[in-house]
Amino acid sequence: RVSTMFYDVMVNAVSYTDSLAEVTGEEGYQFMIMDVSLWAAEDLNEPVDMYYYDFAVEWMDDYCEPLKTGLVEGQLPDEYTITKEETRGKLVFYVPKDTEILALTCIDYYYTEESEEAQYGTLYVTYLPTEDWTR
């Protein structure tokens, strides 16, 4: 479980497949389906708006954001809100088959009244299994 400034995230399971929803991946790539649980940070008194691009999976010298919704049952929407109650859903990524290291990354970012530019905080990295796995 990783605790950021705004939310907590826990990876419950990871699975891999060559095709989803009648879409077959390119040679050397596969779909990774990640089952996650999310909660708003304990010290926040309001819900947290989340977006598909709040997470990324990185490998050696590249990364990908989750694919947009509609590929698997239970996939988190492109935009959603979480509270202190558990929100559970799936994120789908498109990753290389032969990579030995995959990592889920997320970064704290926010906007202030003084600036329209995003302010960035801590980068969080969680290493992932490269084969099917369940907590």
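Here goes a summary of the coordinates provided.

Cut-offs applied
Residues numbered from 1 in each chain as written. Predicted model: local features only at pLDDT ≥ 70, side-chain atom pairs only at ≥ 80, totals over all residues. Heavy atoms only, no water. Patch = residues over 30% accessible without salt bridge, like charges linked within 9 Å, V, L, I, M, F, W, Y side chains within 5 Å. Areas by Shrake-Rupley, 256 points an atom, 1.4 Å probe, with all protein chains shown as cover. Salt bridge = Lys/Arg side-chain N within 4 Å of Asp/Glu carboxyl O. Helix = DSSP H or I, 4+ residues; strand = E, 2+ residues; numbered from the N terminus. Buried < 20%, exposed > 50% of the residue type's maximum accessible area, 1.4 Å probe, protein only.

### Focus on a nonpolar patch on the surface
Now for step 1: Judged by side-chain polarity, Ile101, Ile107, Tyr120, Leu123, Val125 and Tyr127 come together as a nonpolar surface patch covering roughly 630 Å² of accessible area.
Now for step 2: No other element matches the four residues that strand 12 (residues 115-128) contributes to the nonpolar patch.
Now for step 3: With respect to the secondary-structure elements, Ile101 resides in the loop between strand 10 (87-96) and strand 11 (102-112).
Now for step 4: Overall, Ile101 belongs to the partly exposed group, its relative accessible area being 46%.

### As for the pattern of salt bridges
Now for step 1: Applying the stated rule across the entire model yields three salt bridges.
Now for step 2: Taking the shortest distance from any N to any O, the salt bridge between Arg1 and Asp8 comes out at 3.1 Å.
Now for step 3: Note on Asp8: relative accessible area 9%, which makes it buried.
Now for step 4: The salt bridge partner of Asp18 is Lys97, with a shortest N-O separation of 2.9 Å. Residue Asp18 is located in the loop between strand 2 (7-17) and strand 3 (19-20), and its partner Lys97 is located in the loop between strand 10 and strand 11; the two are separated by 79 residues in the primary sequence.

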